[in-house]
Amino acid sequence: MDEESVTSVGLTTSKAPRMEVTTMLCKEICEDCGKLFIGGANAYFCPECRIRRQRESAKRRNLSQIGINARKKKRGDNDA
Ligand SMILES: [Zn+2]
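For clarity, every value in this text was computed on a predicted model and none was experimentally measured. (Residues numbered from 1 in each chain as written. Predicted model: local features only at pLDDT ≥ 70, side-chain atom pairs only at ≥ 80, totals over all residues.)

Trainee: Account for the overall build of the protein chain, with residues named and values stated.
Mentor: For the protein chain, the count of helices and strands is four helices and two strands. What you see in the protein chain, going N to C, is helices and strands ordered as α-α-β-β-α-α. For the protein chain, buried positions account for 2% of its 80 residues. (Helix = DSSP H or I, 4+ residues; strand = E, 2+ residues; numbered from the N terminus. Buried ≥ 20, exposed ≤ 12 C-beta atoms within 10 Å, placed from the backbone.)

Spelled out as structure tokens, the structure:
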């Protein structure tokens, strides 16, 4: 979102170049939450669910998170 606002600030004609992008994207229904979103042909999840799934799978990968949590706790104790 920050990138978007930066781009439109830089462009004096913010209307014209958008159309090309819009025609390439199409409406998709999120397979997770059923929400309608604009995405590419091979997008199956809305941006929110995609991020959430990424986060979840990352969490699953880091099942050794216990060690990370322990480290965080230690750091938190130092702060407090
Ligand atoms: Zn979704």
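Trainee: How would you explain helix α3 (residues 47-61) if you had to name every residue and give the values?
Mentor: Spanning 15 residues, α3 covers 21 Å between terminal C-alpha atoms, matching the ideal 21 Å at 1.5 Å per step. Burial analysis of α3 places just zero of its 15 residues in the buried class, a small minority of the element. (Expected span 1.5 Å × (residues − 1).)

Trainee: Break down the environment of F45 for me, citing the residues and quoting the values.
Mentor: Of note, F45 is situated in the loop between β2 (36-39) and α3. Exposure remark for F45: the 20 C-beta atoms within 10 Å place this residue in the buried category. Along the primary structure F45 and D32 are separated by 13 residues, whereas in three dimensions their C-alpha atoms are 6.4 Å apart. Contact partners of F45, with chain neighbours within four places excluded, come to C30, E31, D32, R50 and R53. (Contact = placed C-beta atoms within 7 Å.)

Trainee: Describe in detail the pairing of β2, supporting the description with residues and values.
Mentor: Relative to β2, strand β1 (residues 26-29) runs antiparallel, the two sharing four bridges. The partner of E28 across the bridge, within β2, is F37. (Pairing = 2+ DSSP bridges.)

Trainee: Describe in detail the environment of Y44, supporting the description with residues and values.
Mentor: If you trace the backbone, Y44 turns up in the loop between β2 and α3. Spatially, the C-alpha atom of Y44 lies 5.9 Å from that of E31, the residues being 13 residues apart in sequence.

Trainee: Which residues make up the confidence of the model for the protein chain, and what values go with them?
Mentor: Averaged over all residues, the pLDDT of the protein chain is 74; the fraction at 70 or higher stands at 57%. In the model of the protein chain, helix α1 (residues 2-10) stands out as the element of lowest mean pLDDT, 52, in contrast to β2, which has the highest, 92. (pLDDT = per-residue confidence, 0-100.)

Trainee: Can you break down the environment of K27 residue by residue, with the values?
Mentor: Topologically, K27 is positioned in strand β1. Residues K27 and F37, ten residues apart in the sequence, show an inter-C-alpha distance of 5.6 Å.

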